[in-house]
Each structure stands twice: as structure tokens, then as C-alpha cells.
Amino acid sequence: MKLSISYRTSEHSLTNDPVLLHFRGTIIQWRAPQLDVFLKYAKVELTPPTPGDIPAIRQSIVKEAWLNTLVTAEVIFWFYIGECIGKRHLVGYNV
């Protein structure tokens, strides 16, 4: 019980400390231009797509999926070739 009372007292004194309030205000003023740039880009980049954007998105998704499939097949192929070279057999290891 005493711990919670001292916690409340210390929390109250931190929020009313004039040095900390000034420091907090200084940080807010210092970071304000960066926050404005972030909000400007966030407003453009984080908006959901409009119904007119959906066909373009669908076409690009299909093209990217096909390209990703080809890249994955190539990686698997070269991995298998490397395994065959490493074990010097097409199937299995010498045990």
C-alpha cells in the first residue's frame, strides 16, 4: 500500500516539475518539422486504395507473383544442383 502511494506522489511531482515541462516543450519544438514531414508522407502513403486503383493493383500483383514463382524455382533448382555436386550422386548420400 505504501508503494502505490509513493508511486502516485512521485508521478505527480514529475508531471508538475517545471524543468521537465520546459524540456518536454523543447523536444516538441525541435521535432516538429520532422513530425510534419512524417505526417505529410503518412497521409499519402497510408490511405486505402480507391476503387479505381484496384485493377492496376491486380495486374501488378499477378506479374509480381509470376516473377516471384520463377525466382523461387530458380533458387530451388540451383540448390538441388549444388546438393548433387556436393554429394557426388544424383540420389542419396553415401552412408
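Conventions we followed
Residues numbered from 1 in each chain as written. Predicted model: local features only at pLDDT ≥ 70, side-chain atom pairs only at ≥ 80, totals over all residues. Heavy atoms only, no water. Helix = DSSP H or I, 4+ residues; strand = E, 2+ residues; numbered from the N terminus. Buried < 20%, exposed > 50% of the residue type's maximum accessible area, 1.4 Å probe, protein only. Areas by Shrake-Rupley, 256 points an atom, 1.4 Å probe, with all protein chains shown as cover. Phe/Tyr/Trp six-rings, centres within 6.5 Å; stacked < 30°, edge-to-face > 60°. Lys NZ or Arg CZ within 6 Å of the ring centre and 35° of its normal. pLDDT = per-residue confidence, 0-100. Contact = heavy atoms within 4.5 Å. Patch = residues over 30% accessible without salt bridge, like charges linked within 9 Å, V, L, I, M, F, W, Y side chains within 5 Å. Salt bridge = Lys/Arg side-chain N within 4 Å of Asp/Glu carboxyl O.

A.B. asks: Quick question: what am I supposed to make of the overall build of the protein here?
C.D. replies: Tallying secondary structure elements over the protein gives three helices and zero strands in all. For the protein, the α and β elements follow one another from N to C terminus as α-α-α. Across the 95 residues of the protein, 3% fall into the buried class. On the protein, roughly 9300 Å² of surface is accessible, and the fraction owed to carbon and sulfur atoms is 70%.

A.B. asks: Help me out: how do you make sense of the packing of aromatic side chains in this one?
C.D. replies: Given two aromatic rings, one states the distance between the centres and the angle between the planes to describe the pair. Scanning the entire structure with this criterion turns up one aromatic pair. Lying over the aromatic face of tyrosine 41, lysine 40 brings its terminal NZ or CZ to 4.9 Å of the ring centre.

A.B. asks: Any chance you could explain the confidence of the model for the protein here in plain terms?
C.D. replies: Low pLDDT marks regions whose predicted coordinates should not be analysed in detail. With 80% of its residues at a pLDDT of 70 or more, the protein shows a mean pLDDT of 78. Within the protein, helix H1 (residues 2-15) has the poorest average pLDDT of any element, 51, and helix H3 (residues 54-87) the best, 88. Counted against residues more than four places away or in other chains, residues 1-7, with its pLDDT under 50, gives zero contacts.

A.B. asks: Would you explain a nonpolar patch on the surface in this entry?
C.D. replies: A cluster of nonpolar side chains, contributed by Leu35, Phe38 and Leu39, occupies part of the molecular surface with about 310 Å² of accessible area. Take phenylalanine 38: its relative accessible area is 53%, and that puts it in the exposed class.

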